[in-house]
Amino acid sequence: MLSYITYIQFANTLLCLLLAAQFLFMTALRPWPKRLLGVSYLLYAHQSIVLIAVVHGQAGALGLLRPLVAMWLGPLLYLYFCLVQKPDAQLRWSDALHFVAGTLVFVILLSSSLLMNGIDFAIMASFILYFLLIAFRMRQGKQALHHLGTLASPAYRWLACLMLIALINIGCEIAVVQEIQAGVKLQDSVALFVSGCAFFLLNIATLLAALQRSNWLEWMYLLGSQPEQKSLTAEEQQRAADIMQRFEQLVIKEQLYKQEFGITLPQAAKKLQLPARQLSTAINQLYGQSYSVYLNDQRIAEAKRLLLAEPDLPVIEVMQQAGFSSKSNFNKEFLRVVGLSPSAFRQEAGL
């Protein structure tokens, strides 16, 4: 069991580091939510590394940091939920109090060998407390995310998924503590192995969603890109028209919709040497849809052309050449625009 636990925790460490890099360095108009998520994955990577050292009896003083980091995971996840629900998605200085409280509890428990025995219960209490706070904030469902506009649905699905992960984490922590109290050594813990496997699968799924720019995570790239509609002056309309014309020329010239995993709004704005919000406003005002919908519409137009021009080209090849990396997303978007599946569209054309 020891080697299996080591392997699965090592794999989770690598996956968490990759996810941390993805969320910390990806460009977004409102970066704080994805930064908090990136830091959370860094802390999870730290937890896995230290756990490997503890299992092998080589943690030493480093093992003392594991409970402290665990006490910070609950507040980080809670603040992430708070930021997503805030229209401005900004942190406040008062938010640091959540970490101060956890740190104080850790210091108090660390000051006495008798109290130190209760550190596992303190960690579980922290997880449960912040899970309840998150559940309380989510009690209104999608209504709490109305300020996100069309991004509310994918954001809500992702937050619900994170709540499920947090619940699994609590269950795993309780199971591991019960095994240890029953005299089971950490390296022989079945609960620890099962929880490691569960998080490995969840991390793999999250990484694939991030790399494929699934709409489960795409909304974080676009957070803040949907300003409220307002009437434009003649000068603003002309400026927006100029921006839209330049953008459309850039899309055609560089075939941005065909780039692997797409191109984010800030990246496209950088190519035009414009503020991302200015480009987003122009697209919303003149196209009537968001940046991501515009690019998907261009991909569907290319897919329709390929389906008609090359009848023998497999649908999966059409999907890839049109710029889609996910078959499910391709089918969904094609149905949205055309009202038919790609195969049905081809059949209706008599090909």
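Owing to the predicted nature of the structure, the values given are computational and were not obtained by experimental measurement.

Time to look at the overall build of the chain. Within the chain, the regular secondary structure consists of 16 helices and zero strands. With the principal axes as the frame, the chain shows a C-alpha extent of 75 × 50 × 35 Å. Classification of the 351 residues of the chain by burial places 45% in the buried group. In the chain, the share of contacts with a sequence separation of at least 24, taken over all contacts with a separation of at least 6, comes to 70%. Here the chain displays about 17700 Å² of accessible surface, and carbon together with sulfur accounts for 61% of that area.

Let us now look at helix α2 (residues 32–55). In a regular helix each residue adds 1.5 Å, so 24 residues correspond to 34 Å; α2 covers 35 Å between its end C-alpha atoms and thus fits that length. Just downstream of α2 lies Gly 57, where phi reads positive at about 70°.

This part takes up a nonpolar patch on the surface. Taken together, Phe 10, Leu 14, Leu 17 and Leu 42 make up a surface patch of nonpolar side chains, about 350 Å² in accessible area. Top contributing element to the nonpolar patch by residue count: helix α1 (residues 2–25), with three residues. The residue Leu 14 is located in helix α1 in this model.

With that settled, the discussion passes to unusual backbone geometry. The bulk of non-glycine residues show a negative phi, and the bulk of peptide bonds are trans. Not every positive phi belongs to a glycine, and Gln 255 is a case in point at roughly 45°. You can call Gln 255 partly exposed: its relative accessible area is 34%. The phi dihedral of Gln 273 falls on the positive side, at around 55°, and the residue is not glycine. Within the element layout of this structure, Gln 273 appears in the loop between α11 (265–272) and α12 (276–287).

Grouped together as the largest cluster of nonpolar side chains are 79 residues, with contacts concentrated most on Tyr 80, Trp 158 and Phe 247. Examining the composition of this core, we find that 14 residues originate from one element, helix α3 (residues 65–85), more than from any other. Once residues lying within four places of it in the same chain are set aside, the contact partners of Trp 158 are Leu 37, Tyr 41, Tyr 80, Thr 206, Trp 216, Leu 217, Trp 219 and Met 220. Within the second largest apolar cluster, 12 residues are counted, among which are Leu 307, Leu 313, Val 318 and Ala 322.

What follows deals with the pattern of salt bridges. The tally for this structure, following the rule as stated, stands at five salt bridges. Among the ionic pairs, Glu 302 bridges to Lys 258, the shortest N-O distance being 3.3 Å. Of this pair, Glu 302 sits in helix α13 (residues 291–309) while Lys 258 sits in the loop between α10 (234–254) and α11, and the two are 44 residues apart along the sequence. Exposure remark for Glu 302: the relative accessible area of 9% places this residue in the buried category. Residue Lys 258 is classed as partly exposed on the basis of its relative accessible area, which comes to 29%. Each of Lys 258, Glu 302 and Arg 305 takes part in salt bridges that share partners, so that together they form one network.

By the element assignment, Ala 175 lies in helix α7 (residues 152–181). Between the C-alpha atom of Ala 175 and that of Ser 189, which follows or precedes it by 14 residues, the distance is 9.2 Å.

Next up on the list: the packing of α7 against helix α8 (residues 190–211). A pair of packed helices is captured by two measures, namely the crossing angle of their axes and the spacing between those axes. Running from N to C, α7 and α8 point in directions that differ by 165°, and their axes come no closer than 8 Å. Comparing their axes, α8 and α7 come out roughly antiparallel. Taken as a pair, α7 and α8 cross one another with a handedness that is left-handed. Packed against α7, whose contacting residues are Trp 158, Ile 165, Ile 168, Asn 169, Cys 172, Ala 175, Val 176 and Glu 179, the element α8 presents Val 190, Ala 191, Leu 192, Ser 195, Phe 199, Leu 202 and Thr 206 at the interface.

Taken as a whole, the largest pocket holds about 1000 Å³ of empty space. Gln 47, Arg 66, Phe 127, Asn 169 and Glu 173 are the residues nearest the centre of the largest pocket, which is lined by 45 residues in total. Going through the elements one at a time, α1, α2, α3, α6 (119–137), α7 and α8 are the ones with two or more residues in the lining of the largest pocket. The element contributing the most residues to the lining of the largest pocket is α7, with 10 residues.

Here Ala 20 lies in helix α1. Between the C-alpha atom of Ala 20 and that of Trp 93, which follows or precedes it by 73 residues, the distance is 23 Å. Residues contacting Ala 20, with those up to four places away along its chain left out, are Gly 38, Tyr 41 and Leu 42.

For the rest of this paragraph, the subject is the environment of Leu 223. Relative to the helices and strands, Leu 223 is located in the loop between α9 (215–222) and α10. If near-sequence neighbours (up to four positions away) are discounted, Leu 223 is found in contact with Leu 29, Arg 30, Pro 33, Ala 89, Leu 148 and Leu 151.

What follows deals with the packing of α10 against α13. α13 packs onto α10 with a crossing angle of 45° between their chain directions and a minimal axis gap of 12 Å. Considered as vectors, α10 and α13 are oriented oblique to each other. Helix-helix and strand crossings are classified by hand; for α10 and α13 the assignment is right-handed. Contacts between α10 and α13 involve Met 244, Phe 247, Glu 248 and Val 251 from the first element and Tyr 291, Tyr 294 and Gln 298 from the second. In the contact of α10 with α13, the residues fall into five nonpolar, one polar and one charged.

What counts, and where the lines are drawn
- Residues numbered from 1 in each chain as written.
- Predicted model: local features only at pLDDT ≥ 70, side-chain atom pairs only at ≥ 80, totals over all residues.
- Heavy atoms only, no water.
- Helix = DSSP H or I, 4+ residues; strand = E, 2+ residues; numbered from the N terminus.
- Buried < 20%, exposed > 50% of the residue type's maximum accessible area, 1.4 Å probe, protein only.
- Contact = heavy atoms within 4.5 Å.
- Areas by Shrake-Rupley, 256 points an atom, 1.4 Å probe, with all protein chains shown as cover.
- Expected span 1.5 Å × (residues − 1).
- Patch = residues over 30% accessible without salt bridge, like charges linked within 9 Å, V, L, I, M, F, W, Y side chains within 5 Å.
- Salt bridge = Lys/Arg side-chain N within 4 Å of Asp/Glu carboxyl O.
- Core = buried A, V, L, I, M, F, W, Y, C linked by side-chain atoms within 4.5 Å.
- Axes fitted to C-alpha atoms, helices over the stretch in contact; angles between N-to-C directions.
- Parallel < 35°, antiparallel > 145°, perpendicular 65-115°, else oblique.
- Left-handed = near helix turned anticlockwise from the far one by under 90°.
- 1 Å grid on protein atoms, 1.4 Å probe; cavity = no way out; pocket = protein on both sides within 12 Å on 5 of 7 lines; lining within 4 Å.
- Points joined across faces, edges and corners; volume = space filled by probe spheres on them.
- Nonpolar A, V, L, I, M, F, W, Y, C, P; charged D, E, K, R; others polar.

The quantities given are spatial measurements derived from coordinates; they are silent on function.
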